[in-house]
Amino acid sequence: MTDVKKIAVIEGDGIGPEVVAEAIKVMRKTEEAYGLRFDFEYGLFGGIAIDEKGTPLPEDTLAMCQKADAVLLGAVGGPKWDSNPKELRPETGLLGIRKALGLFSNIRPALVFDCLKEASTLKPEVLEGTDLIVVRELTGGIYFGEKFRRDSAGGEEAVDTSTYNVQEVERIARQAFEIARTRRKKLASVDKANVLETSRLWRETVIRVSADYPDVELEHVLVDNCAMQLLRRPASFDVIVTENMFGDILSDEAAMLTGSIGMLSSASLGEGAFGLYEPVHGSAPDIAGLGVANPVATILSVALMYRLTFGYHEAAEAIERAVSEVLDAGYRTSDIAVDKSTALNTSAMGDLIVAAIR
Ligand code: NAD
């Protein structure tokens, strides 16, 4: 019998509970269809946790996540908490949970569905076949380096430092090679090795690690060139691995290839198989409670969880195929509908995807 996997469920704020409910329906259907077993435990996090427990990340929620095999997160935040002091803001909880769970990489797929090619700002023929993943290092580099100001001959001067050590590069490189192995076995390592010392260490380390992955084809791409190539030949990329700041920028660029934020899934991973899975979008306060949010990003985050944490590749494929079939049949939520009057609500979209899973 399949062992029972423990899922920590954090619905969060705004549209979080609405989209998570649809993802859970999908997981229940795959239990039936693929013999999987999940045990769901719910915890408070974000704005709702501030209201009910006085902190964005209550200890019992963190303990629940630490005991789980994976975390499914909706979204947190909203105008109600925007003017709170830093320790009482939902985003502080997000940084806290990533740190406490040791999550050092962020994974963002950009998968272009054929029937939505027209929704992108790029030409459909350029997008044809685009299916890539950006693996971004999350805990090092210039965002976390020493920052200070000092006097200089030219007036006040600001300094940001970027550091990476071999261990930090090696663990993310291995993760990216492993992910490439489950896909088309192509890895593009993005750096600025012609200028930056951290990039030279990055490249040397990636090359050394590549010896353990002879089945994966490795290319090195300078970050400025990568920004261009993503627009010129997105379909030629499979897995892209890069440092924190380059990844921040390139993953947003890659996200726009797909056309809608309501379609984008993400994962944050640490050592081992454990991961936190969430849609890229936020809590969308403007549509919260209306039942019109697109649940696809959260549903595709479940497919990502099945692949990266559990190795349930068949069930993951079934989810992605179901999403694709429903879209091909012309069903849309209002964010991706051309004719808004025919748009489906959140639960109707979820039901159709559930029904299409075989
Ligand atoms: P947002 O992603 O919540 O919304 C941006 C726009 O996209 C809105 O018009 C919204 O209606 C639309 N949208 C987003 N998701 C959608 C979906 N599933 N279906 C249909 N339309 C969708 O970004 P924002 O407005 O900048 O932020 C709102 C709140 O969310 C803020 O408090 C922000 O801090 C928070 N936020 C949280 C996360 C997270 O939890 N990881 C990420 C980003 C933003």
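Here is what the cut-offs are and how they apply
Residues numbered from 1 in each chain as written. Predicted model: local features only at pLDDT ≥ 70, side-chain atom pairs only at ≥ 80, totals over all residues. Heavy atoms only, no water. Helix = DSSP H or I, 4+ residues; strand = E, 2+ residues; numbered from the N terminus. Buried < 20%, exposed > 50% of the residue type's maximum accessible area, 1.4 Å probe, protein only. Contact = heavy atoms within 4.5 Å. Near = heavy atom within 4 Å. Polar contact = N/O pair within 3.5 Å; in protein donor to acceptor, adjacent residues only side chain to side chain. Areas by Shrake-Rupley, 256 points an atom, 1.4 Å probe, with all protein chains shown as cover. Nonpolar A, V, L, I, M, F, W, Y, C, P; charged D, E, K, R; others polar. 1 Å grid on protein atoms, 1.4 Å probe; cavity = no way out; pocket = protein on both sides within 12 Å on 5 of 7 lines; lining within 4 Å. Points joined across faces, edges and corners; volume = space filled by probe spheres on them. Domains from an automatic or database assignment. Buried area = accessible area lost by both parts, 1.4 Å probe. Salt bridge = Lys/Arg side-chain N within 4 Å of Asp/Glu carboxyl O. Pairing = 2+ DSSP bridges. Axes fitted to C-alpha atoms, helices over the stretch in contact; angles between N-to-C directions.

### Focus on the environment of Y277
Within the element layout of this structure, Y277 appears in strand β12 (residues 275-279). The exposure class assigned to Y277 is buried, which follows from its relative accessible area of 0%. As for Y277 and L73, which are separated by 204 residues in sequence, their C-alpha atoms are 6.1 Å apart. Once residues within four sequence positions are removed from consideration, Y277 is found in contact with A70, V71, L72, L73, S266, A267, L269, S301, L304, M305, L308 and T309.

### Some details on the site of the ligand
Close to the ligand lie 21 residues, the nearest being V76, G282, A284, D286 and N294. E278 is positioned with one of its side-chain polar atoms (N or O) 3.2 Å from a nitrogen atom of the ligand. D286 has a polar side-chain atom sitting 2.8 Å from an oxygen atom of the ligand. Contact with the protein chains hides 68% of the accessible area of the ligand, taken as 810 Å² for the molecule alone. In terms of residue class, the shell around the ligand is made up of 10 nonpolar, 7 polar and 4 charged.

### Observations concerning unusual backbone geometry
Peptide bonds are mostly trans, and most non-glycine residues show a negative phi. Despite not being glycine, K185 shows a phi value in the positive range, around 60°. The residue K185 is located in the loop between α6 (166-181) and β8 (186-191) in this model. With a phi close to 40°, A284 is a non-glycine residue in the positive phi region. Structurally, A284 is set in the loop between β12 and α10 (296-310).

### So, empty space enclosed by the protein
By rolling a water-sized probe across the atoms, one finds the places where empty space is left. Considering all chains together, one arrives at 2 cavities of 30 Å³ or more under this definition. Of the voids in this model, the largest cavity is the one considered here, and its volume is about 60 Å³. K186, L187, A188, E217, L218, E219, S236, F237, D238 and V239 together form the lining of the largest cavity. Those elements that provide at least two residues to the lining of the largest cavity are β8 and β9 (217-222). When the residues that make up the lining of the largest cavity are grouped by side-chain class, the tally is 5 nonpolar, 1 polar and 4 charged. K6, I7, A8, D39, E41, M64, K67 and A68 together form the lining of the second largest cavity. Sorting elements by how many residues they give to the lining of the second largest cavity places strand β1 (residues 5-12) first, with 3 residues.

### Focus on the environment of A173
Mapped onto the fold, A173 is located in helix α6. Taking the relative accessible area as the measure of exposure, A173 reaches 2% and is therefore buried. In the structure, A173 is positioned 36 residues away from E137 in sequence and 9.3 Å away in space, judged by C-alpha atoms. Non-local contacts of A173, meaning those with residues more than four positions away in its chain, are made with V206 and V209.

### Quick look at the domain arrangement of the chain
Here the chain is described as being made up of domain 1 (1-103 + 266-358) and domain 2 (121-257). If you average the C-alpha positions of domain 1 and of domain 2, the two centres end up 26 Å apart. Taken together, the contact between domain 1 and domain 2 spans 8 residues of the former and 6 residues of the latter. Both sides together, the interface formed by domain 1 and domain 2 hides about 490 Å², and carbon and sulfur atoms give 64% of it. Linking domain 1 with domain 2 are 0 salt bridges. The interface formed by domain 1 and domain 2 holds 1 residue pair in polar contact (both at pLDDT 80 or more) in total. Considering only residue class, the side of domain 1 that touches domain 2 consists of 3 nonpolar, 3 polar and 2 charged.

### Quick notes on the sheet that holds β9
Pairing in this open sheet of 10 strands is mixed, and the strands run β2-β1-β3-β12-β11-β4-β5-β10-β8-β9 from one edge to the other. Strand pairing shows two members of the sheet lacking a second neighbour, β2 (38-42) and β9, which therefore form its edges. Each strand axis lies, on average, 20° off the axis of its neighbour in the sheet, ignoring direction. Strand direction decides the pairing type here: strand β3 (residues 70-75) and β12, joined by 3 bridges, are parallel. Counterpart to L72 in the pairing with β12 is Y277.

### Points about the layout of surface pockets
Its volume calculated, the largest pocket comes out at about 620 Å³. What lines the largest pocket is a set of 26 residues, and nearest its centre among them are L94, L95, R98, L138 and E278. Those elements that provide at least two residues to the lining of the largest pocket are β3, α4 (90-100), β4 (105-111) and β12. With 5 residues, α4 is the single largest residue contributor to the lining of the largest pocket. Partitioning the lining of the largest pocket into residue classes produces 12 nonpolar, 8 polar and 6 charged.

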